[in-house]
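# Remarks on the overall topology
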Amino acid sequence: MAPIKNIVLVHGGFVDGSGWQGVYDHLSADGYQLAVVQNPTLSLAGDIAATRQVLDTLDGPAVLVGHSYGGAVITEAGNHPNVAALAYIAAFAPDKGESVSTLIADPPPGAPVPPILPPQDGFLFLDRARFAAAFAADVPEQQAAFMADSQVPWGVEALEGAVSEPAWQTKPAWYLVATDDRMIPPPAQRAMSERAGATVSETPGSHAVYVSRPAVVAAVIAQAAQGANGQP
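Rules of the game
Residues numbered from 1 in each chain as written. Predicted model: local features only at pLDDT ≥ 70, side-chain atom pairs only at ≥ 80, totals over all residues. Heavy atoms only, no water. Helix = DSSP H or I, 4+ residues; strand = E, 2+ residues; numbered from the N terminus. Rg over C-alpha atoms; globule rule 2.2 N^0.38 Å. Buried < 20%, exposed > 50% of the residue type's maximum accessible area, 1.4 Å probe, protein only. Contact = heavy atoms within 4.5 Å. Areas by Shrake-Rupley, 256 points an atom, 1.4 Å probe, with all protein chains shown as cover. Lys, Arg positive; Asp, Glu negative; His and termini not counted. Charge placed at Lys NZ, Arg CZ, Asp CG, Glu CD. Core = buried A, V, L, I, M, F, W, Y, C linked by side-chain atoms within 4.5 Å. Pairing = 2+ DSSP bridges. Axes fitted to C-alpha atoms, helices over the stretch in contact; angles between N-to-C directions. Parallel < 35°, antiparallel > 145°, perpendicular 65-115°, else oblique. Left-handed = near helix turned anticlockwise from the far one by under 90°. Nonpolar A, V, L, I, M, F, W, Y, C, P; charged D, E, K, R; others polar. Salt bridge = Lys/Arg side-chain N within 4 Å of Asp/Glu carboxyl O. Arc of directions from axis to C-beta. Right-handed = clockwise from strand over helix to strand, strands pointing away.

## A short note on the overall build of the protein chain
Assigned secondary structure in the protein chain consists of ten helices and eight strands. For 232 residues, the compact-globule formula gives about 17 Å, and the C-alpha radius of gyration of the protein chain, at 16 Å, lands near that figure. Here the protein chain holds 232 residues, and the buried ones make up 52% of them. Considering only residue pairs separated by 6 or more positions, the protein chain has 72% of its internal contacts joining residues 24 or more positions apart. Working note: accessible area of the protein chain is about 9,900 Å², and carbon and sulfur atoms make up 53% of it. Taking the average location of the 10 positive side-chain charges in the protein chain and that of its 22 negative ones, the two points are 4 Å from each other.

What follows is the structure, given as structure tokens:
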């Protein structure tokens, strides 16, 4: 296999791809070629299609990276022939027939409940007043406030979209658990990563660990690129 120099970053729900900038900066400085997918977040199928469009443009193998709901996207889109490895960053890693909706239906006892407001016209938002504490507790206050006020409507249909062929069944996966996550409980992250057979690492961090600790996240992605090449 050719050395992996392509990295494709897929964002989760409630946010857009701009949160990846810190990770982008670290990896591009190390010589990687990066692309950031801007999911419409209307439906899982639509976001998979958007990701595949980016993958179609690549001239070699890539690590496909997903944060949060982006993990569901890469689980299906990762079957693309240009994907050599998957990297999950505090992300959902559904099995066949599962969706984000089914994965969050039965939270562990005592787990924090994300402050998701009731659907409005088929879309979800987080309570702005509680966004920082739930999503971005370790992000600077002003930046977390901006993230809360620039939320992307998350389509209920996207949450309910089920994975048909999990790419982690046939491709190597890496997983970073954020141990202070109040959106996806760390025990759920560990269970999904174990089921996916992923190489797992853990770090203190909120759900927005890709924003607050970009160097740590970039290092995991680089490990995936090197590991898929058979390098230590």
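Moving on from the coordinates now.
## What about the nonpolar core?
Core analysis: the biggest nonpolar cluster contains 78 residues, and Val-63, Phe-135, Met-147, Tyr-210 and Ile-221 have the highest contact counts within it. Apart from residues lying up to four places away in sequence, Ile-221 is in contact with Ile-7, Leu-9, Val-23, Leu-27, Val-63, Val-65 and Ala-87.

## Observations regarding the sheet that holds strand β2 (residues 33–37)
Across the sheet, six strands lie side by side as β2-β1-β3-β4-β7-β8; this open sheet has parallel pairing. The sheet terminates laterally at β2 and β8 (199–203), the two strands that pair on one side only. Geometrically, the sheet is characterised by an average inter-axis angle of 20° between neighbouring strands, direction not taken into account. Judged from the six bridges that link them, strand β3 (residues 62–67) and strand β4 (residues 83–89) form a sheet pairing that is parallel. Following the sheet pairing, Leu-64 is matched in β4 by Leu-86. Against the sheet, helix α10 (residues 214–228) touches β1 (6–10), β3, β4, β7 (173–178) and β8, its axis set at about 165° to β7.

## Describing the packing of helix α5 (residues 128–135) against helix α6 (residues 141–149)
The contact between α5 and α6 brings their axes to 9 Å, and the two run at 120°. As judged from the angle between their axes, α5 and α6 are oblique. Judged by the sense of rotation from one axis to the other, the crossing of α5 with α6 is right-handed. Facing α5, whose interface residues are Arg-128, Phe-131, Ala-132 and Phe-135, α6 presents Ala-144, Met-147, Ala-148 and Asp-149. Split into classes, the residues belonging to the contact of α5 with α6 amount to six nonpolar, no polar and two charged.

## Remarks on the pattern of salt bridges
All chains considered together, the criterion is met by four salt bridges. Between Lys-96 and Glu-165 there is a salt bridge, with the nearest N and O atoms lying 3.9 Å from each other. With a gap of 69 residues between them, Lys-96 in the loop between β4 and α4 (100–103) and Glu-165 in the loop between α7 (156–160) and β7 connect regions that are remote in the sequence. With a relative accessible area of 55%, Lys-96 lands in the exposed category. Glu-98 is the salt-bridge partner of Arg-195, the closest N and O atoms lying 2.8 Å from each other. Taken together, the positions of Arg-195 in helix α8 (residues 186–195) and Glu-98 in the loop between β4 and α4 put the pair 97 residues apart, joining distant regions of the chain.

## Quick look at α8
All of the buried residues along α8 are Pro-186, Gln-189, Met-192 and Ser-193. The buried residues of α8 all sit within an arc of 125° when viewed along its axis, so they share a single face. Taken together, the buried residues of α8 touch α4, β7 and β8. Backbone geometry just downstream of α8 places Gly-197 in the positive-phi region, at approximately 65°.

## Brief notes about the pairing of β8
Pairing geometry for β7 and β8, over five bridges, is parallel. For Trp-174, the partnering residue across the bridge sits in β8 and is Thr-199. After leaving β7, the chain enters α8 and then returns to the sheet as β8, a path that is right-handed.

## Observations concerning the pairing of β2
Bridge analysis of β1 against β2 gives five bridges, and the strand direction is parallel. Counterpart to Asn-6 in the pairing with β2 is Gln-33. On the question of chirality, the crossover connecting β1 to the parallel β2 by way of helix α1 (residues 21–29) is right-handed.

Nothing here speaks to function; it is geometry throughout.
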